[in-house]
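For reference, the chains in residue letters:
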Amino acid sequence: MSWQDRVIDVPDWPVPGVTFRDVTPVLADPSAFGEVVAALTEPWLGRVDVVAGIEARGFLFGMPVAQRLEVGFVPLRKAGKLPRATRAVTYTLEYGEAVLEVHVDAFAPGARVLLVDDVLATGGTASAAATLVRQAGAVPVGLAVVLEVTGLHGRDALAGASPGIEVHVLSV
C-alpha cells in the first residue's frame, strides 16, 4: 500500500461542503511517513536556511524535514499560542477567518525559508505564511506540501500573494 492510499477523505468536516484530507494514517505508518518526509526534503537540500511549519499538521512534517535538511525549525502558530512578542497576519480560509503568528525574532534577516504544510487548498494559509515570513525580514523561497486540492486553485492564490515562490507537491 502506498502512502497516498493511507490518506482518508472525510466529507463535510469541519463544516458541510468541505472534504477534509486526513493524513494522520500516514503518520501512523513509519514507512509511509519516512517516504513522505524524504520526498518533501529532497528538492530543498542546500537551498534553505530554515523550515517554517504551518500549524498544525505542518509541524508534523516540517520538523523532520528541517532535521534532514540540517536547518532550524520555526513554528507558525494560531493566534495566542506563542509566549513572546509576535508578528501576526489575518487571512481567509474556505470556511472562515484565522490569524497566524510568529515570534518577532524567529528569522535571521534575509533567511531563505521553506514553508511546510500538509495540504494546499485555497492558498489562504500558505499566502498568509509567506506574508508573515516577509514581514519578519526573511525570504519565503518555497512551499512543500503533501497534498494539493487542485480545484480550489491555491497555487494561483499563492503565486498572486507571493510571486516567485516555488511549490513542491507530492500528490494531488
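Scroll up to find the structure this text is about.
Residues numbered from 1 in each chain as written. Predicted model: local features only at pLDDT ≥ 70, side-chain atom pairs only at ≥ 80, totals over all residues. Heavy atoms only, no water.

Draft legend 1. Geometry of the overall build of the protein chain. On a plain count of helices and strands, the protein chain comes out with five helices and nine strands. N-terminal to C-terminal, the α/β element order of the protein chain is β-β-α-α-β-α-β-β-β-β-α-β-α-β. With the C-alpha coordinates aligned to their principal axes, the bounding extent of the protein chain is approximately 45 × 35 × 30 Å. Looking at the protein chain as a whole, 47% of its 172 residues are labelled buried. The average position of the 13 basic charges and that of the 19 acidic charges among the side chains of the protein chain differ by 6 Å. (Helix = DSSP H or I, 4+ residues; strand = E, 2+ residues; numbered from the N terminus. Buried < 20%, exposed > 50% of the residue type's maximum accessible area, 1.4 Å probe, protein only. Lys, Arg positive; Asp, Glu negative; His and termini not counted. Charge placed at Lys NZ, Arg CZ, Asp CG, Glu CD.)

Draft legend 2. Just the sheet that holds strand S3 (residues 50-54), in detail. The mixed open sheet is built from seven strands, whose spatial order is S5-S6-S4-S3-S7-S8-S9. Strands with a single pairing partner mark the edges of an open sheet, and in this sheet they are strand S5 (86-93) and strand S9 (166-171). For this sheet the average axis-to-axis angle between neighbouring strands, irrespective of direction, equals 25°. Sheet contacts for helix H2 (residues 30-41): strand S8 (139-148) and S9; angle to S9, the most-contacted strand, approximately 155°. Strands S3, strand S4 (72-78), S5, strand S6 (96-103), strand S7 (112-120) and S8 of the sheet are contacted by helix H4 (residues 124-135), whose axis makes an angle of about 160° with S5. (Pairing = 2+ DSSP bridges. Axes fitted to C-alpha atoms, helices over the stretch in contact; angles between N-to-C directions. Contact = heavy atoms within 4.5 Å.)

Draft legend 3. Summary view of the packing of H2 against helix H3 (residues 57-69). Running from N to C, H2 and H3 cross one another at 60°; their axes reach a closest spacing of 9 Å. It follows from the interaxial angle that H2 and H3 lie oblique. The crossing of H2 and H3 is right-handed. Residues Phe33, Gly34, Val36, Val37, Ala38, Leu40 and Thr41 of H2 touch H3, and the partners they reach there are Leu60, Phe61, Pro64, Val65, Arg68 and Leu69. (Parallel < 35°, antiparallel > 145°, perpendicular 65-115°, else oblique. Left-handed = near helix turned anticlockwise from the far one by under 90°.)

Draft legend 4. Structural context of H3. With 13 residues, H3 extends 19 Å from end C-alpha to end C-alpha; this agrees with the ideal 18 Å at 1.5 Å per step. Of the surrounding elements, those touching the buried residues of H3 are helix H1 (24-27), H2, S3, S4, S7 and S8. Looking one or two residues past H3, glutamate 70 carries a phi angle of roughly 60°, positive in sign. (Expected span 1.5 Å × (residues − 1).)

Draft legend 5. Representation of unusual backbone geometry. Cis geometry is found at the peptide bond from tryptophan 13 to proline 14, where omega equals 10°. Position of proline 14 relative to the elements: it lies in the loop between strand S1 (8-11) and strand S2 (19-22). The omega torsion of the bond from glutamate 55 to alanine 56 falls at 0°, within 30 degrees of zero and hence cis. Tracing the backbone shows alanine 56 in the loop between S3 and H3.

Draft legend 6. The arrangement of the packing of aromatic side chains in detail. Per the counting criterion, the structure on display carries three aromatic pairs. Here the aromatic rings of phenylalanine 59 and phenylalanine 73 are separated by 6.1 Å at their centres, their planes lie at 90°, and the arrangement is edge-to-face. Here phenylalanine 59 is found in helix H3, whereas its partner phenylalanine 73 is found in strand S4, with 14 residues between them in sequence. (Phe/Tyr/Trp six-rings, centres within 6.5 Å; stacked < 30°, edge-to-face > 60°.)

Draft legend 7. Broad picture of the pattern of salt bridges. Taken as a whole and judged by the stated rule, the model has eight salt bridges. The salt bridge partner of arginine 47 is glutamate 166, with a shortest N-O separation of 2.5 Å. Taken together, the residues arginine 47 in the loop between H2 and S3 and glutamate 166 in strand S9 connect sequence positions 119 residues apart. With a shortest N-O distance of 2.7 Å, arginine 155 and glutamate 148 are connected by a salt bridge. Look at arginine 155 and you get partly exposed, because its relative accessible area is 36%. (Salt bridge = Lys/Arg side-chain N within 4 Å of Asp/Glu carboxyl O.)

Draft legend 8. The arrangement of the nonpolar core in detail. Counting residues in each nonpolar core, the largest one holds 29 residues, and the members touching the most others are Leu76, Leu100, Phe107, Val113, Leu115, Leu143 and Leu158. The leading source of residues in this core is H4, at six residues. In this structure, Trp3, Val48, Val51 and Leu170 belong to the second largest nonpolar core, which totals 24 residues. (Core = buried A, V, L, I, M, F, W, Y, C linked by side-chain atoms within 4.5 Å.)

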